[in-house]
There are 2 protein chains.
Amino acid sequence: MSWLPEAAAAARAALPGASAARDAALRAAADAIRRDANKILAANAADLAATEGNAAFRDRLALTPTRLAGIAEGLEAMAALPDPLARTLAAWTRPNGLAFRRIPCPLGVIGMIYESRPNVGAEAAGIALKAGNAVILRGGSESLQSARAIHAAMQAGLREAGLSPAAVQIAPDADRAHVAAMLAGAGLLDLLIPRGGRALVERVQAEARVPVLAHAEGLCHTYVHAAAQPAMARAVVANAKMRRPGVCGATETLLIDAAVAPALLPPIVADLTALGCAFRADPRAREILPTLPAAGPADFDTEWLDAVLSVKVVDGLEAALAHIAVHGSLHTEAIITEDADVAEDFLARIDAAVGIWNASTQFCDGGEFGFGGEIGIATGRLHARGPVGPEQLTSFRYLIAGSGQVRP
Amino acid sequence: MSWLPEAAAAARAALPGASAARDAALRAAADAIRRDANKILAANAADLAATEGNAAFRDRLALTPTRLAGIAEGLEAMAALPDPLARTLAAWTRPNGLAFRRIPCPLGVIGMIYESRPNVGAEAAGIALKAGNAVILRGGSESLQSARAIHAAMQAGLREAGLSPAAVQIAPDADRAHVAAMLAGAGLLDLLIPRGGRALVERVQAEARVPVLAHAEGLCHTYVHAAAQPAMARAVVANAKMRRPGVCGATETLLIDAAVAPALLPPIVADLTALGCAFRADPRAREILPTLPAAGPADFDTEWLDAVLSVKVVDGLEAALAHIAVHGSLHTEAIITEDADVAEDFLARIDAAVGIWNASTQFCDGGEFGFGGEIGIATGRLHARGPVGPEQLTSFRYLIAGSGQVRP
């Protein structure tokens, strides 16, 4: 028998109610994380000592005093945001006098499956609590001791605010069967959010019997239009690719109009090369810069998550949209142009969670949207697209007030 | 090889664009239905001649000139509604100058699986088109000839408006494998809407690899509180149960406060009895009216969809909420009371798509909400709850306009 049915029932019974209590719990959890910092760091050191992962893996797993302080500050910032439940989404009255209100409500019990990144659990719990949800966390097994220590602090925060600690739970141990139980948790969990590598997310999307918000891939394009301002194009492309090449909003493919490529592609490539970027170029780009390595057939479908950029020369907006329609991942797509009509056309016709005009694709981030954080980015079409913050973790319902109306 | 991949790709390529064209297509489809009325009625007569269903089944299958006129009028009414895509859902500017817009967009390709009710296909297609979606319809096999005739009219409307007829498609024949293909249609369909009996909906919910909006059950309660106005309680309960006992928003269980039950339950029962209603009563109700049949253990979990009412005497709001929490179906729950504080408490704490104060549960209907119709009622927590009209068949995305911002 899985641990999940009992945990989920306890979580549902513990849905945190009033706005003030939820925010107090977030602040108290931040205090507890600071108070227990040495305990959490010791647990993390034990996790690190037991793992054989590579340097990048260990970096994601590692907590430092600075990172812990960031987690605590993030929880306090979340507490300071407006309550996403304290809104009226719509209100109207029908000719028969019935008064309708559409109001937000929590989604319920959210399952979060993620890799060995202890900060993700704390952030996810904070966002879920902010919107009145309960959360069941299942992080990577290598981070179990860190996750337990942070979880203890989150539960201390709930208790200090007079809320049930069952509103934030973690899987009891590293048993992989817990993931399977969560995937099969229809009726127990209202939503699953997987966050991690493509294999993890695709497994959850393929196997879950529970609704999923996620993105498996962020194959984002920046399209430099013929009317781009050259200096802006250079600065934005360099940032979109190289600020953090490993994030899902990083640009993976540069599309550049043939009209400006001879003049503009060389300095763009020079900027990126100076930042350590490599290239995979189509034949027309290699006509301009023959030393660029040739792109293979799969390169324009590859999310590099690394200091590599695919480059293609296109003949205007239609060609750019056609390329993105085939190779994009419905995540984030950007155009650089001074022509407002072209930009509006691009934004209207692009099928993506986020369309950007004259800025870096790396702005696809809940914090940059003003959401106070995010639990992930969603590229599906249902419920929420783009950064998933507290407001996206709400549902809604209708309240109708009458005076004895009956339906004819 | 299923017909679905090709059909879904054609549907996606045919997503109907501009508002004026979508509305023109709806009006032209209404014209075509009127023009082809004799053809559609003949097809329906052939369906009816070939079926051996019972009277209720035949009634749902049957089209009449009046019903056809109603379908055409419904499409025209849909065309007259505001475009659900022509809105800005939110707009804000961040301190770095990035200007954000959140705008609606179509969900995409919607699969509709329903029973042998030809009108449902036309209504569903109309609502989907209104919101810019394409739709693939799979109605009950007994209605295939009717569905084809109506489908021809819908496609004629699309053609006359200059839109691709591939935006409304039907499964090519009555092969049951088509349902299985739609359930497995991840990546082809963006949403499945099953509409019909509980077995159909539960099968779709259990097996679909595509997001589902639906309700399997409408086990709705009307709670007559101690401070109910007696005449209002009688009129509302009679309507909530007996206006149309077979709809999902019909009240299935009456909860009545012990304080008023001795005075109020007898006239409520008398009203309903005069309308042909039968009862299943708990022991406390039978103390007041010993002739009422005793409720069995499963009766308070039974969606009667018939002229039968479960009756239970409760001790106030907490007991009513506790009963509904165990036996409700997250659909529609009503309270009758003159005490506004109690009503607000009930509405705030009820977990249902629709909470109603002093009116009949049978108002849970897209038309009554002002949505111009509905493709079904959803009781899940994701994306949309309650009546699913055109607005509920939209998704959203973000557009960001900058002036060369890069992320630090």
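The rules behind the values
- Residues numbered from 1 in each chain as written.
- Chains lettered and ligands numbered in written order.
- Predicted model: local features only at pLDDT ≥ 70, side-chain atom pairs only at ≥ 80, totals over all residues.
- Helix = DSSP H or I, 4+ residues; strand = E, 2+ residues; numbered from the N terminus.
- Rg over C-alpha atoms; globule rule 2.2 N^0.38 Å.
- Buried ≥ 20, exposed ≤ 12 C-beta atoms within 10 Å, placed from the backbone.
- Contact = placed C-beta atoms within 7 Å.
- Domains from an automatic or database assignment.
- Right-handed = clockwise from strand over helix to strand, strands pointing away.
- Pairing = 2+ DSSP bridges.
- Axes fitted to C-alpha atoms, helices over the stretch in contact; angles between N-to-C directions.
- Parallel < 35°, antiparallel > 145°, perpendicular 65-115°, else oblique.
- Nonpolar A, V, L, I, M, F, W, Y, C, P; charged D, E, K, R; others polar.
- Least-squares fit on C-alpha atoms with pLDDT ≥ 70 in both.

Engineer: What am I meant to see in the overall build of chain A here?
Structural biologist: In terms of regular secondary structure, chain A is built from 15 helices and 15 strands. Against the globule reference of 22 Å for 408 residues, chain A gives a C-alpha radius of gyration of 24 Å, in line with a compact fold. Overall, the C-alpha framework of chain A stretches about 70 × 65 × 35 Å when taken along its three principal axes. Within chain A, the proportion of its 408 residues that are buried is 55%. A fraction of 71% describes how many contacts in chain A between residues 6 or more apart in sequence connect residues 24 or more apart.

Engineer: For this particular structure, what's the right way to read the domain arrangement of chain A?
Structural biologist: Reports of interface size often rely on the accessible area that becomes lost once the parts have come together. For chain A, the assigned domains read domain 1 (4-213 + 393-399) and domain 2 (220-368). Spacing between the C-alpha centres of domain 1 of chain A and domain 2 of chain A amounts to 34 Å.

Engineer: What's the story with unusual backbone geometry in this structure? I'm lost.
Structural biologist: In this structure, A:Asn358 is a non-glycine residue whose phi angle is positive, near 60 degrees. With respect to the secondary-structure elements, A:Asn358 resides in strand β12 (residues 354-359). For B:Leu330, which is not a glycine, the phi torsion comes out positive at approximately 65 degrees. Summarising the element assignment, B:Leu330 is placed in the loop between α13 (317-327) and β11 (332-336).

Engineer: Explain the pairing of β12(A) to me, please; I cannot follow it from the model alone.
Structural biologist: Of all six residues making up β12(A), six are buried, and the element is well covered by its neighbours. Crossover strand β11 (residues 332-336) of chain A to β12(A) through helix α14 (residues 340-349) of chain A is right-handed. Pairing of β12(A) with strand β15 (residues 394-405) of chain B, which is carried by five bridges, proceeds in the parallel orientation. Its bridge partner lying in β15(B), A:Gly355 is registered against B:Leu399.

Engineer: Sorry, what's going on with the packing of helix α5 (residues 65-80) of chain A against helix α6 (residues 118-130) of chain A here?
Structural biologist: Each pair of packed helices can be summarised by the angle the axes make with each other and by the distance between the axes. Residue and element names in this part refer to chain A. At a minimum axis distance of 10 Å, the contact between α5 and α6 shows a crossing angle of 10 degrees. As summarised for this structure, α5 and α6 are arranged roughly parallel, according to the angle between their axes. Mapping the contact onto sequence places Arg-67, Ile-71, Gly-74, Leu-75 and Met-78 in α5 and Asn-119, Ala-122, Glu-123, Gly-126, Ile-127 and Lys-130 in α6. By residue class, the composition of the contact of α5 with α6 is five nonpolar, three polar and three charged.

Engineer: Just to check I follow, could you spell out the relation of the copies chain B and chain A for this structure?
Structural biologist: Both copies of the chain are placed relative to one another by a rotation about an axis and a shift along it. For the pair chain B and chain A, the superposition axis carries a translation of 0.0 Å, the fit reaches an RMSD of 0.0 Å, and the rotation angle comes to 180 degrees. What the rotation and shift describe, once combined, is the action of a two-fold rotation axis. Looking at the rotation axis and the C-alpha trace of chain B, the residue lying nearest is B:His383, at 1.9 Å. Of all interface residues in chain B, 100% are interface residues in chain A too; the two copies therefore contact each other through one and the same surface.

Engineer: What exactly am I supposed to notice about the interface of chain B and chain A here?
Structural biologist: With 47 residues of chain B at the contact, the number on the chain A side is 47 residues. Broken down by secondary-structure element, the contributors of at least two residues to the side of chain B that touches chain A are α10 (230-242), β12 (354-359), α15 (366-369) and β15 of chain B. It is β15(B) that provides the largest number of residues to the side of chain B that touches chain A, a total of 11 residues. Of the residues assigned to the side of chain B that touches chain A, the class counts are 25 nonpolar, 14 polar and eight charged.

Engineer: Help me understand the environment of B:Leu292 in this model?
Structural biologist: All names here are of chain B. When you line up the elements, Leu-292 lands in the loop between α12 (283-288) and β10 (308-314). For Leu-292, a count of 19 C-beta atoms within 10 Å puts it in the partly exposed group. Expressed as a C-alpha distance, the spacing of Leu-292 and Ala-278, which sit 14 residues apart in the sequence, is 8.5 Å. Residues in contact with Leu-292, not counting those within four places in the same chain, are Phe-279, Ala-281, Ala-285, Arg-286 and Val-311.

Engineer: What should I look at first to understand the environment of A:Leu192 in this one?
Structural biologist: All names here are of chain A. Tracing the sequence through the fold places Leu-192 in strand β6 (residues 191-195). As a C-alpha pair, Leu-192 and Trp-3 span 189 residues in sequence and 17 Å in three-dimensional space. Not counting residues within four places of it along the chain, the set of residues in contact with Leu-192 comprises Gly-111, Ile-113, Met-182, Val-204, Ala-208, Val-210 and Val-212.

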